[in-house]
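Structural characterization, general
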Amino acid sequence: MADYKEFLSKVDRKLYHEGEWQWQEGEYTVTRTHQWSAPGCHNACGILLYTKDDKLEKVEGDPLNPFNNGKLCMRCLNLAEATNHPDRLKYPMKRSGERGENKWERISWDEAYNIIVPKIKEIKEQYGSHTIVGVHGTGRNINWQLPYFYNAGLETPNISTLFFSGFACYLPRVVGAAAVTGEFVIVDAAVGQEERYASKKWTVPECVIIWGNEPLKSNADGFLGHWLVQCMQMGTKFICIDPRLTWWASRAEVWLPTRPGTDAALAIGMLNVIINEKLYDPEYVEKWCVGLEDLTARVQEYPVEKVAEICDLDPEKIRKAARIFAAAKPAAVQWGLAFEQQLCCMSLIVAVCDLFALTGNVEVPGGMIMVRNAFGTQRNYNCGEEWLPAEAAAKKLNGDAKGIEESSIVPHADSNVILHALETGEPYPIKAMWIQSSNPLACPAMDSPRAYEAMKNVEFIVYADPFLTPTAVAFADIVLPVAMGPERNSVRSWWTPLRAMTKACSYYEAKTDEEIVVEFGKRLNPKAFPFKDDIDFLEWYITEDGNWPGTFEDLRNQGWAYWDYDATYYKHEKGLLRPDGEVGFPTPTGKLELAPFMYYQWNLDPLPFHLEPPESPISTPEVYKDYPLILTTGARSYEFFHSEHRQMPTMREFHPDPLVTMHPDVAEKYGIKQGDWVWIENHRGRRFKQKANITLGIAPQVVSAEHGWWFPEKEASSPALFDTFESNSNNVTLQEVTGQGGIGNPIKSSLCKIYKVVEGVNDSVSIGEQVVRGDYRDGK
């Protein structure tokens, strides 16, 4: 699709019923809509749903939709298998045995209301609403709906992704980038232009750095990986920073397989080259940046040879990458979760923001652009906070936080403080949890065995999801069936365009996230929920909280709507960014702050620095002697979204087992062959097992493990819990180890050793059995 205009000219618009949202094709009703969880993803691609007799039969990409132009990943293409899966929850159920026994009794929705609502009200009255924790998963289509419910319905300030220590996902990039630029910035792959790559206003990026990210597999943070493929086809050069030889790295001008956890040092090294060789944009810096003098002094502490030694890289490759990036006009950085999953998180963010600021690439076509959610639908995780009682808000579990957490810029409670409350009852006991669209034990819970122990102390847990998960079996008292994307009316406004999701079928008694929120909210706090139904709730969000000038029906009929604001470049020169209407960026100085003022306010070092991972060849050489490999976890795949999709036969056919990737030299040293089950163990005796994937495409000192694995085909009841602890990379990660400001966690940089699993010798007792028994120490 290199010639986008040619592609558009060849689409048969009549065949694809341009301008219609629903039509009949033989025995099928075809619905034009968008898919955004469940099952999950971070995007909402345009799709055509083919249904018959209220059942989804097949899915096709919508070539008329400018968001994805008909391209779909295998998770969307396999949506019918997910939607019609026999293991889906069909009805509300209440626990009829002990927790973990997997014994359930079917109940009606009315019975569910009559059990849950009085119990929540009782807890509010006796202990306070702050003793309830509202939990949600990542990036799924709940990121304003559930916060509204938790703030306004449960009236709790304690909203969390739960056990995700150090806010180690996305939010630090949002607030860190905002400190430098005033708002969040993304790569301009023509996302704001309805004409997309044919827009005359847009410029093809000359260079994009893919940094700690695999856009084609993850499609993370509202950014579709295919957009960058289109840029590549139109001439964009790439630099890839990743310890693994990804699809992007194999096509990059420069691949920098940096040692995990040293990315900040690498960024400072590149800044050193750009500043000392005067490769930055002096006119842009003079006019729009502040802080160059301080930054120049700091980068002198990081000469390239020193950086290369820290990162295990060739210094000439660092210089080459810096020169390519600085010379490119325009250039951009596609950054990923690896930023938050290291201790230098906030330092790395400011360093990379400085890279694209110094080179004059902010708010220019093809550079890093400031985007807002379409039509002002800006609120997400803070949605509904105006309904949170002040006395409850004052008891938010962020401990004695100072700086960035105290500022309330991060709306969530601190997972570490929640964990402490669960374990000790201090500062107060947690009495209830509402978990919706999250599977903490299998996915986000760092030190998952510790999380399991902590959750035992919660008196009452409501769990809502499309499937019965390990977390639900282990702890839920009530489970509620959640509808999937094709069964849902909803909207999508993470960046742009504003998109409608239209219900095309249904599944037993499953309700959508919006329906669950509205129906429980009306019963818990009617004043905050004046909505008649899910549609009314959606219309409030897009028309009253946002400024969409129509109804949900209008949006459904139209399908999607682009917003002029996100299509505008050079907003800082037009007075469109600052509340006072003056030109400049929405920072305290009105400029891009290379040493951001807000970092001073948050008690953070405003200049980039390197901090060695807490466990590494350098910081813990005595551990490194016996655990000589660097473990990075959280590797993504094409088949799965975090802990989802493990039930799907098609996905498991492509990807049957969890994989730990290692270099052939490592495999040979430890006598491991392709496909062998391998233990990955750290010096605390914690371990998990995955199958060996041997490739030259990984740095020899690194092993990379997947996350989110559980096995729906295995025994559900305790202690097995679908074998969720057997291959769980979070058996070896840690809670309460964070970087500056309580931000970042070294998930992607710890030490380990590996050895073959030998059945009956070192695999005689399951990890799940030890965890449930409460004596999991060494896994042996």
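As the structure is a computational prediction, the values presented were derived from the model and not from experiment. (Residues numbered from 1 in each chain as written. Predicted model: local features only at pLDDT ≥ 70, side-chain atom pairs only at ≥ 80, totals over all residues. Heavy atoms only, no water.)

**Some points on the sheet that holds strand β20 (residues 498–501)**
The line we're drawing: DSSP bridges decide pairing: two strands pair if at least two such bridges lie between them. Comment: elements are numbered from the N terminus, with helices defined as DSSP H or I runs of at least four residues and strands as E runs of at least two.
Here we have three strands laid out as an open sheet, ordered β19-β20-β21, and antiparallel in their pairing. The sheet terminates laterally at β19 (490–492) and β21 (560–561), the two strands that pair on one side only. In this sheet, β21 lies alongside β20 in antiparallel orientation, the contact comprising two bridges. Looking across to β21, one finds that Leu498 is bridged to Ala561.

**Overview of the packing of helix α19 (residues 513–524) against helix α20 (residues 534–545)**
To keep things clear, this is the line we draw: As a rule, the C-alpha atoms of each element are fitted with a line to give its axis, helices using only the stretch in contact, and angles between N-to-C directions run from 0 to 180 degrees. Orientation labels follow simple angle bins: below 35 degrees gives roughly parallel, above 145 gives roughly antiparallel, 65 to 115 gives roughly perpendicular, and whatever is left gives oblique. Note on contacts: a residue pair qualifies if any of its non-hydrogen atoms lie within 4.5 Å across the two residues. When residues are grouped by polarity, Ala, Val, Leu, Ile, Met, Phe, Trp, Tyr, Cys and Pro land in nonpolar, Asp, Glu, Lys and Arg in charged, and all others, Gly among them, in polar.
Two elements in contact, α19 and α20, have axes whose closest approach is 9 Å; the angle formed by their N-to-C orientations is 95°. Overall, the two elements α19 and α20 adopt an arrangement that is roughly perpendicular. In this structure, α19 contributes Glu514, Glu515, Val517 and Val518 to the contact, and α20 contributes Asp534, Phe537 and Leu538. Of the residues that constitute the contact of α19 with α20, the class distribution is four nonpolar, no polar and three charged.

**Some points on the nonpolar core**
Let me state the cut-off plainly: By nonpolar core is meant a set of buried Ala, Val, Leu, Ile, Met, Phe, Trp, Tyr and Cys residues that side-chain atoms within 4.5 Å join together. Buried residues are those whose accessible area, probed at 1.4 Å on protein chains only, stays under 20% of the maximum for their type, while exposed residues exceed 50% and partly exposed ones sit between those limits.
Judged by nonpolar contacts, the single largest core of 175 residues is most densely connected at Ile116, Trp211, Trp335, Phe356, Trp434, Leu480 and Phe520. By size, the runner-up hydrophobic cluster in this structure holds 46 residues, among which are Val417, Trp679, Leu721 and Val771.

**A word on the packing of aromatic side chains**
In this description, an aromatic ring pair is defined by two values, namely the gap between the centres and the angle between the planes. Counted only if it meets this: In summary, the pairing rule links any two rings of Phe, Tyr or Trp, Trp by its six-membered ring, whose centres are within 6.5 Å, and it sorts them by plane angle into stacked for under 30 degrees, edge-to-face for over 60 and tilted for everything else. Lysine and arginine charges are scored as sitting over a ring when NZ or CZ, respectively, is within 6 Å of the ring centre and within 35 degrees of the ring normal.
Under the definition given, this model contains 44 aromatic pairs. Relative to Tyr50, the ring of Tyr28 has its centre 6.0 Å away and its plane inclined at 85°; by these criteria the two rings are edge-to-face. Note that Tyr28 is positioned in strand β2 (residues 28–35) and Tyr50 in strand β3 (residues 45–52), a separation of 22 residues in sequence. Between Trp709 and Phe711, the ring centres sit 5.6 Å apart and the planes meet at 35°, which makes this aromatic pair tilted. Here Trp709 and Phe711 have matching classes, each one buried. Counting every residue linked through ring pairs, the aromatic cluster contains Trp36, Tyr170, Phe184, Trp211, Trp335, Phe339, Phe356, Trp494 and Trp495. Positioned above the aromatic ring of Trp109, the side-chain terminus of Lys511 is 5.1 Å from the ring centre. Directly above the aromatic system of Trp679 lies the positively charged group of Arg687, at a separation of 3.6 Å from the ring centroid.

**Some remarks on the side chain of Asp221**
Checked against the element boundaries, Asp221 lands in the loop between α7 (215–218) and α8 (225–233). Accessibility expressed as a relative area gives 11% for Asp221, which makes it buried. Discounting residues that sit within four places of it in the chain, Asp221 has contacts with His42, Tyr170, Arg173, Trp335, Trp494 and Trp495.

**A few points about the sheet that holds strand β14 (residues 331–335)**
The parallel open sheet is built from four strands, whose spatial order is β12-β11-β10-β14. Strands at the two margins of the open sheet, each flanked by one partner only, are β12 (254–256) and β14. For this sheet the average axis-to-axis angle between neighbouring strands, irrespective of direction, equals 15°. With five bridges joining them, strand β10 (residues 207–211) and β14 adopt parallel strand pairing. Along β14, the bridge assignment pairs Cys207 with Ala331.

**Here's the deal with α8**
Inspection of α8 places Gly225, Trp227, Leu228, Val229, Gln230 and Cys231 among the buried residues, and these make up the whole buried set. Buried residues in α8 make contact with α1 (4–10), β9 (185–187), β10, α7, β11 (237–241) and β14. Of the residues flanking the end of α8, it is Gly235, one or two places downstream, whose phi is positive at about 115°.

**Quick notes on the pairing of strand β1 (residues 22–25)**
Bridging between β1 and β2 involves four bridges; their strand directions are antiparallel. Note that in β2 the partner of Gln24 across the bridge is Thr29. As consecutive antiparallel partners, β1 and β2 are separated by two residues, and within that stretch Gly26 has a phi angle of approximately 60°, a positive value.

**Things to note about the state of the cysteines**
Test applied: Counting rule for disulfides: a pair of cysteine sulfur atoms within 2.5 Å.
Following the criterion strictly, the structure yields zero disulfides and no others. Looking at the unpaired Cys353, the closest cysteine sulfur is the one in Cys345, lying at 11 Å. By relative accessible area, which is 0% here, Cys353 ends up buried. You can see Cys383 has no disulfide; the closest cysteine sulfur is in Cys169, sitting 19 Å from it.

**Remarks on the packing of helix α9 (residues 263–276) against helix α12 (residues 304–311)**
Angle between the axes and distance between the axes: these two values describe a pair of packed helices. To be explicit about the condition: Note on convention: the crossing is left-handed when the near helix lies turned anticlockwise from the far helix by less than a right angle, right-handed when the turn is clockwise.
It is at 9 Å that the axes of α9 and α12 come closest, and there the two elements cross at 160°. Here α12 runs roughly antiparallel to α9, going by the angle between their axes. Crossing angle aside, the handedness with which α9 passes α12 is left-handed. On α12, the residues touching Ala265, Leu266, Gly269, Asn272 and Val273 of α9 are Val304, Val307, Ile310 and Cys311. A class-by-class count of the residues in the contact of α9 with α12 yields seven nonpolar, two polar and no charged.

**Details of the environment of Val175**
Within the secondary structure layout, Val175 lies in helix α6 (residues 171–181). Remark: the alpha-carbon pair of Val175 and Trp548, spanning 373 residues in sequence, is separated by 26 Å.

**Details of the pairing of strand β28 (residues 750–756)**
For β28, a buried count of five out of seven residues is recorded, marking the element as mostly surrounded by other parts of the structure. Pairing of strand β25 (residues 677–681) with β28 involves four bridges; the strand directions are antiparallel. Looking at β28, one finds that Ile680 is bridged to Ile754.

**Details of the pattern of salt bridges**
Short version of the rule: By definition, a salt bridge exists where a carboxyl oxygen of Asp or Glu is found within 4 Å of a side-chain nitrogen of Lys or Arg.
If you walk through the whole model with that rule in mind, you get 44 salt bridges. The salt bridge partner of Lys52 is Glu27, with a shortest N-O separation of 3.1 Å. Of the two residues, Lys52 sits in strand β3 while Glu27 sits in the loop between β1 and β2, which places them 25 residues apart along the sequence. Using a relative accessible area of 47% as the deciding quantity, one classes Glu27 as partly exposed. Note that Glu363 and Lys571 form a salt bridge whose closest N and O atoms lie 3.1 Å from each other. One end of the pair, Glu363, is in the loop between α14 (345–358) and β15 (368–370); the other, Lys571, is in the loop between α22 (564–567) and β22 (592–593), and 208 residues separate them in sequence. Here the two residues Glu363 and Lys571 agree in accessibility, since each one is buried. Several salt bridges converge on common partners, so that one network encompasses Arg95, Arg99 and Asp477.

**So, helix α4 (residues 109–127)**
Where we set the bar: Under the convention used throughout, the expected extent of a helix is 1.5 Å for every residue step, that is, one less than its residue count.
The terminal C-alpha atoms of α4, which comprises 19 residues, lie 26 Å apart, in line with the 27 Å expected from a rise of 1.5 Å per residue. Among all positions of α4, only Trp109, Ala112, Tyr113, Ile116, Val117, Lys119, Ile120, Ile123 and Lys124 are buried. Buried residues along α4 sit in contact with β7 (132–136), α5 (145–154), β16 (432–436), β17 (460–465), β18 (478–481) and α19. Two residues or fewer past α4, Gly128 is found with a positive phi of approximately 100°.

**What to know about the environment of Lys456**
Selection rule: Polar contact is defined as a pair of N or O atoms within 3.5 Å, subject to the rule that within protein one atom must be able to donate a hydrogen and the other to accept it, and that residues adjacent in sequence are counted only when both atoms are side-chain atoms.
Turning to its location among the elements, Lys456 is positioned in the loop between α17 (448–455) and β17. Expressed as a C-alpha distance, the spacing of Lys456 and Ala474, which sit 18 residues apart in the sequence, is 8.9 Å. Apart from the residues within four sequence positions on either side, Lys456 is in contact with Arg99, Phe475 and Val772. A polar contact is formed between the side chain of Lys456 and the side chain of Glu453, at a distance of 2.9 Å.

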